[in-house]
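Spelled out, the chains give:
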Amino acid sequence: MRNHFVKFLILIFTFSNMSFYSVSCSTETEIPVIRIGYPQLPYYTDFDQKGNMTGYGYDYLQKIAEVAGWNYQFINCDWLSCQKKLKEGEIDLLSPFPFSENDSVDLEYSRMHIGQSFLILAVRQDERRFSTGDYQKLNGIQVGMLSSSDVANQFLKFSETKGFVPRTQFYKDEAALHRGLFADEIDAVLQNSEMNISGMKVIEKFNPTPFFIVAKKGNKTLIEKLDRAILRLNIV
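Residues numbered from 1 in each chain as written. Predicted model: local features only at pLDDT ≥ 70, side-chain atom pairs only at ≥ 80, totals over all residues. Heavy atoms only, no water.

1. Topic: the overall build of the chain
Worth spelling out the cut-off: Every helix listed is a DSSP run of H or I at least four residues long, and every strand listed is a run of E at least two residues long, numbered separately from the N terminus. Buried residues are those whose accessible area, probed at 1.4 Å on protein chains only, stays under 20% of the maximum for their type, while exposed residues exceed 50% and partly exposed ones sit between those limits. Contact criterion: two residues are considered in contact whenever any of their non-hydrogen atoms come within 4.5 Å of each other.
Helix and strand counts for the chain stand at six helices and 11 strands. Buried residues in the chain amount to 40% of all 236 residues. In the chain, of all internal contacts separated by at least 6 residues, the share reaching a separation of at least 24 is 72%.

What follows is the structure, encoded as structure tokens:
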């Protein structure tokens, strides 16, 4: 009887250890899922004709995932909606994001930049009045831009150096800005190169600015892991 009891205790101990080992393995091999904002930006976070994700930003994120051991959940949203989702904690990471003192109040930036963005002046695809480098014809051009952006002063400096005087009009969001262009309220849009330019063509590109990957303010642990992954990619 005593032998049976001892064997029973050994069996319980063995199964307990197996159960603990199983839970430990499950915890150790669990792969973090990072929610990524995915605005459709030409050649950066884009889609091919078959609907597959493509672009420089997408490819760079895949390399980070390989190094960091992450899985991704991609959240489709336009650029401004993605920024709002990031600040409200609905996504974890977003790029490409130029550094701004104002934005740094709400965001954590990666330590290293991963590329460059530009300010672009874009017109409708069927526009024939304006072309690259013809600054005389840009005199008096009606240019729309976002009221929340800080690009107006940079554009005025650019126009001064090129010798033309634009007129400016402000819009509350990207959708309203683009509607204004296609409704002939304005002649051109001024925006960051990461924003959508569907149905438009770029006639001027200036003010190259390094861009980063950002997280919500306070999410330093995620940014530190991201920085280590980027550093390893740069070393390799």
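2. Topic: the side chain of glutamine 83
Assignment of secondary structure puts glutamine 83 in helix H3 (residues 79–87). Apart from residues no more than four positions distant in its own chain, glutamine 83 is found in contact with Leu94 and Phe97.

3. A word on the state of the cysteines
Convention followed: Note on terminology: pairs of cysteine sulfur atoms within 2.5 Å are recorded as disulfides.
Counted according to the given criterion, the structure contains one disulfide. The side chain of cysteine 77 participates in a disulfide bridge whose partner is cysteine 82; the two sulfur atoms lie 1.9 Å from each other. On the S-S bond that ties cysteine 77 to cysteine 82, the torsion sits near 90 degrees, and the link is right-handed. Of the two residues, cysteine 77 and cysteine 82, neither departs from the other in class, the shared state being buried.

4. Examining unusual backbone geometry
The omega torsion of the bond from serine 95 to proline 96 falls at 0 degrees, within 30 degrees of zero and hence cis. Along the chain, proline 96 falls in strand E5 (residues 94–98). Here the phi dihedral of aspartate 184 falls at roughly 65 degrees; this positive angle occurs in a residue that is not glycine. With respect to the helices, strands and loops of the structure, aspartate 184 is situated in the loop between helix H5 (174–182) and strand E10 (188–192). One non-glycine residue, asparagine 207, lies in positive phi territory at about 55 degrees. What makes asparagine 207 partly exposed here is its relative accessible area of 31%.

5. Section: the pattern of salt bridges
For clarity, the cut-off: Salt bridges, as used here, are contacts in which a Lys or Arg side-chain nitrogen is within 4 Å of a carboxyl oxygen on Asp or Glu.
Under the counting rule described, the total for this entry stands at eight salt bridges. When the shortest N-O distance is used, the salt bridge between glutamate 108 and lysine 220 registers 3.5 Å. With glutamate 108 in strand E6 (residues 107–109) and lysine 220 in helix H6 (residues 220–235), the pair connects residues that are 112 residues apart, well separated along the chain. Looking at glutamate 108, the relative accessible area reads 8%, which means it is buried. One continuous salt-bridge network, built from bridges that share partners, spans Arg124, Asp126 and Asp184.

6. Considering the environment of glycine 199
Among the structural elements, glycine 199 can be located in the loop between E10 and strand E11 (200–216). Here the alpha-carbon distance between glycine 199 and histidine 178, two residues 21 residues apart in the chain, equals 9.7 Å.

7. Structural notes on helix H4 (residues 152–162)
Put simply, the test is: Comment: arc refers to directions from the helix axis out to C-beta atoms.
For H4, the full list of buried residues reads Phe155, Phe158 and Ser159. Burial along H4 is one-sided: seen end-on, the buried residues are contained in an arc of 95 degrees. Exposed positions of H4 whose direction lies more than 90 degrees from the buried face are Asn153, Lys157, Glu160 and Thr161. The inward-facing, buried residues of H4 abut strand E7 (115–124), strand E8 (142–146), E10 and E11.

8. Considerations on the packing of aromatic side chains
What describes a pair of aromatic rings is the distance from one ring centre to the other and the angle between the planes of the rings. Here is the rule: Each Phe, Tyr or Trp ring, with Trp reduced to its six-membered ring, pairs with another whose centre is within 6.5 Å; inter-plane angles below 30 degrees give stacked pairs, above 60 give edge-to-face pairs, and intermediate values give tilted ones.
Scanning all chains against the criterion turns up 18 aromatic pairs. Chaining the aromatic ring pairs together yields one cluster made of Tyr38, Phe47, Tyr58, Tyr72 and Phe74.

9. Details of the nonpolar core
Put simply, the test is: Definition used in this section: a nonpolar core is a set of buried Ala, Val, Leu, Ile, Met, Phe, Trp, Tyr and Cys residues joined via side-chain atoms within 4.5 Å.
Counting residues in each nonpolar core, the largest one holds 43 residues, and the members touching the most others are Ile64, Trp70, Tyr72, Leu93, Leu94, Leu226 and Ile230. Broken down by element, the residue count for this core peaks at six residues, all from E11. If you look at the next biggest cluster of nonpolar residues, it comprises 17 residues, including Phe130, Tyr135, Phe155 and Ala188.

10. Observations regarding the pairing of E11
Counted only if it meets this: If DSSP finds at least two bridges between two strands, the strands pair.
Sheet topology places E5 next to E11; three bridges connect them, and they run antiparallel. Bridge pairing in E11 links leucine 94 to valine 214. Direction of pairing for E6 relative to E11: antiparallel, over a ladder of three bridges. In the sheet register, glutamate 108 faces E11, and the bridge partner there is alanine 215. Here E7 runs beside E11; their pairing, made up of nine bridges, is antiparallel. The partner of isoleucine 120 across the bridge, within E11, is lysine 205.

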